[in-house]
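Listed below, chain by chain, are the residues.
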4 protein chains.
Amino acid sequence: MSNVESDQSDKVRKWQQITVISPYSRELGLRLHGVEPGWCVIKVLPDERLVGNPATGVVHGGVITALLDSCYGLAIFVKLDKLRPMATLDLRIDYLKPATPGREIFGGAVCYKLGHELAFVRGAAYHDSPDDPIATSSAIFMFTDGPVIALDDALKLLEGFKP
Amino acid sequence: MSNVESDQSDKVRKWQQITVISPYSRELGLRLHGVEPGWCVIKVLPDERLVGNPATGVVHGGVITALLDSCYGLAIFVKLDKLRPMATLDLRIDYLKPATPGREIFGGAVCYKLGHELAFVRGAAYHDSPDDPIATSSAIFMFTDGPVIALDDALKLLEGFKP
Amino acid sequence: MSNVESDQSDKVRKWQQITVISPYSRELGLRLHGVEPGWCVIKVLPDERLVGNPATGVVHGGVITALLDSCYGLAIFVKLDKLRPMATLDLRIDYLKPATPGREIFGGAVCYKLGHELAFVRGAAYHDSPDDPIATSSAIFMFTDGPVIALDDALKLLEGFKP
Amino acid sequence: MSNVESDQSDKVRKWQQITVISPYSRELGLRLHGVEPGWCVIKVLPDERLVGNPATGVVHGGVITALLDSCYGLAIFVKLDKLRPMATLDLRIDYLKPATPGREIFGGAVCYKLGHELAFVRGAAYHDSPDDPIATSSAIFMFTDGPVIALDDALKLLEGFKP
């Protein structure tokens, strides 16, 4: 493995731990797939518990929103290169086509503008490529009061809490 | 129990079966709370598996979206007084305040315009009253190809499938 | 005229001056129609310069957005009972039916939540009633740096600037 | 002028005539700037009649929405390579920073998905580059009943109507 690939897989390993801090993310089985400043990707595996319509097997729209919401948080942390408390202010999703039952779904996002108080993100959910999306989305997050913490320090804290 | 109350609880009992057809709705523990043409309400009970931020215990935003998405489907069926295949076209959520950890969350919605192909809905998530919302939301649904079926007929079909 | 009616028309007269401070609002011919904490209404008169599609005579969608944007500013000022610098953060409009050519269009709005930094608004554009809307809408505004000023003081300032 | 440049300026000349069919677009002084399948651009020149806040000289948000709405129509026509009746279904705008008073504003858009009944668009308003936007936006348009017509035929029709 080259240095570049080694760095990349190291980043993924670290950010994956952040991704699964949320119990709900663990429930959905979210897995970090890739981390680039320009596009952060989390995937969700097919699971019959996540189905919306049992007649078609298509995943529930709420799973896609949760996937994108998690991508957004990650994309903002990656852009900041820190963890900082924040909350979703608003979020919009356009559904372009149904997800294909039984297939992995990728959620990708980028924080395209970072301000003092606000972060603007956009993203998409897809099977093969963001150019053929299941859904497109954008959102605004607002930073709230609380400590700003570097990724490595956050991971050390998590280490400290492991039984 | 009066005739009115009896009708109301009969409606709730019937529509509850429709609400939990979706495996994902069952996973989230969604429960039908009330059915009026002007406002349909589904609730989600506190559950540590649905938590977004373990530090605060606040529920994941994706749970609220899934709750509202389910309310929207119900509100449209109730307005139509039939079940009809449809898909979310787009959805917007504004988050006004964090949900209180450990409390039930109600999702309420109404279909305020029904067209030949489209249904326009709005809703809110709240603890005590839609006038003090955790989140407000609106969405557009599009009817897709497939059979239109009366509620009682749908319930008979479900009966037929029970083991 | 009773005291209540006199107060109401006095309020309208004062807020009308604020409504037309914006050159663009004057260009569109926006006129304040009513001011209640629960619903502020501005109207736009039919004008062939505002037409979007010359084949149908239907007003351009951008006029409706500008109308609603102005209503939102007004609704927030009325809720605050002060003028305060702010900017639109985001805005969504759903178009339910085309405006009828040649008819007045009313824009109504209410600020349903006011925070320290943010104001949440919703509104509708209509001919006869907000229950039969041309468009429904919601938006979030953010307060920016600058002086907060009471309505009467703002009007005195405007008086001072008249040639 | 090379063949490619000549084709490009010919396209711009033709689509410009479509852009200014709308009286409201003429009022705003919208001018076609560029036409590529991947990005269609219309610009609006600074004009004191379009100002929202006279204290700052910043353009009214409604002008930016009208600009984007026009870009969307153009982007869909260009994608179809035909003119087809349609209406805005819904539109969302996020405002990232105020426009600079006195500067041209460009509106760019692309139709990124075209269906049988719906067209999905996204766009941005900017001074220098869509990567440094004043506003970002997305919308859904719905095709309505009516004739589908090739651009050159539409221009011939317009020719026929000139006095």
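Residues numbered from 1 in each chain as written. Chains lettered and ligands numbered in written order. Predicted model: local features only at pLDDT ≥ 70, side-chain atom pairs only at ≥ 80, totals over all residues. Heavy atoms only, no water.

(A) Highlighting the interface of chain A and chain B. Of the residues lining the interface, 29 residues belong to chain A; the matching set on chain B comes to 29 residues. Carbon and sulfur atoms make up 57% of the area that chain A and chain B hide from each other, which totals about 2,200 Å². Broken down residue by residue, the surface that chain A buries against chain B is led by A:Tyr24, A:His60 and A:Tyr95, which jointly contribute 27%. At the surface where chain A touches chain B, the tally comes to four salt bridges. A salt bridge links A:Asp90 to B:Arg92, with the shortest nitrogen-to-oxygen separation between them at 3.6 Å. The interface formed by chain A and chain B contains 17 residue pairs in polar contact (both at pLDDT 80 or more). (Contact = heavy atoms within 4.5 Å. Buried area = accessible area lost by both parts, 1.4 Å probe. Salt bridge = Lys/Arg side-chain N within 4 Å of Asp/Glu carboxyl O. Polar contact = N/O pair within 3.5 Å; in protein donor to acceptor, adjacent residues only side chain to side chain.)

(B) Spatial organisation of the interface of chain C and chain A. Opposite the eight residues of chain C that make contact, chain A presents eight residues. Summing the contributions of chain C and of chain A, the shared interface buries around 620 Å²; its carbon and sulfur component is 66%. Across the contact surface, chain C and chain A share zero salt bridges. If you look at where chain C meets chain A, you find zero residue pairs in polar contact (both at pLDDT 80 or more). Breaking the side of chain C that touches chain A down by element, the ones donating at least two residues are strand E6 (86-95), strand E8 (118-126) and strand E9 (133-143) of chain C. When residues of the side of chain C that touches chain A are assigned to their parent elements, the largest contribution, three residues, is made by E6(C). A breakdown of the residues in the side of chain C that touches chain A according to their chemical character gives five nonpolar, no polar and three charged. (Helix = DSSP H or I, 4+ residues; strand = E, 2+ residues; numbered from the N terminus. Nonpolar A, V, L, I, M, F, W, Y, C, P; charged D, E, K, R; others polar.)

(C) Molecular detail of the sheet that holds strand E2 (residues 39-44) of chain C. In space, the 12 strands of this open sheet follow the order E1(C)-E2(C)-E7(C)-E8(C)-E9(C)-E6(C)-E6(D)-E9(D)-E8(D)-E7(D)-E2(D)-E1(D), with antiparallel pairing throughout. Two strands in the sheet have a free side with no partner beyond their single neighbour: strand E1 (30-36) of chain C together with strand E1 (30-36) of chain D. The mean inter-strand angle of the sheet, taken between neighbouring strand axes irrespective of direction, is 20°. In this sheet, strand E9 (residues 133-143) of chain D lies alongside strand E6 (residues 86-95) of chain D in antiparallel orientation, the contact comprising nine bridges. Note that in E9(D) the partner of D:Leu91 across the bridge is D:Ala139. Across the sheet, helix H1 (residues 3-19) of chain D is in contact with E1 and strand E2 (39-44) of chain D; its angle to E1(D) comes to roughly 135°. Packing against the sheet, helix H3 (residues 61-80) of chain D makes contact with E1, E2, E6, strand E7 (105-114), strand E8 (118-126) and E9 of chain D, and its axis sits at approximately 40° to E7(D). (Pairing = 2+ DSSP bridges. Axes fitted to C-alpha atoms, helices over the stretch in contact; angles between N-to-C directions.)

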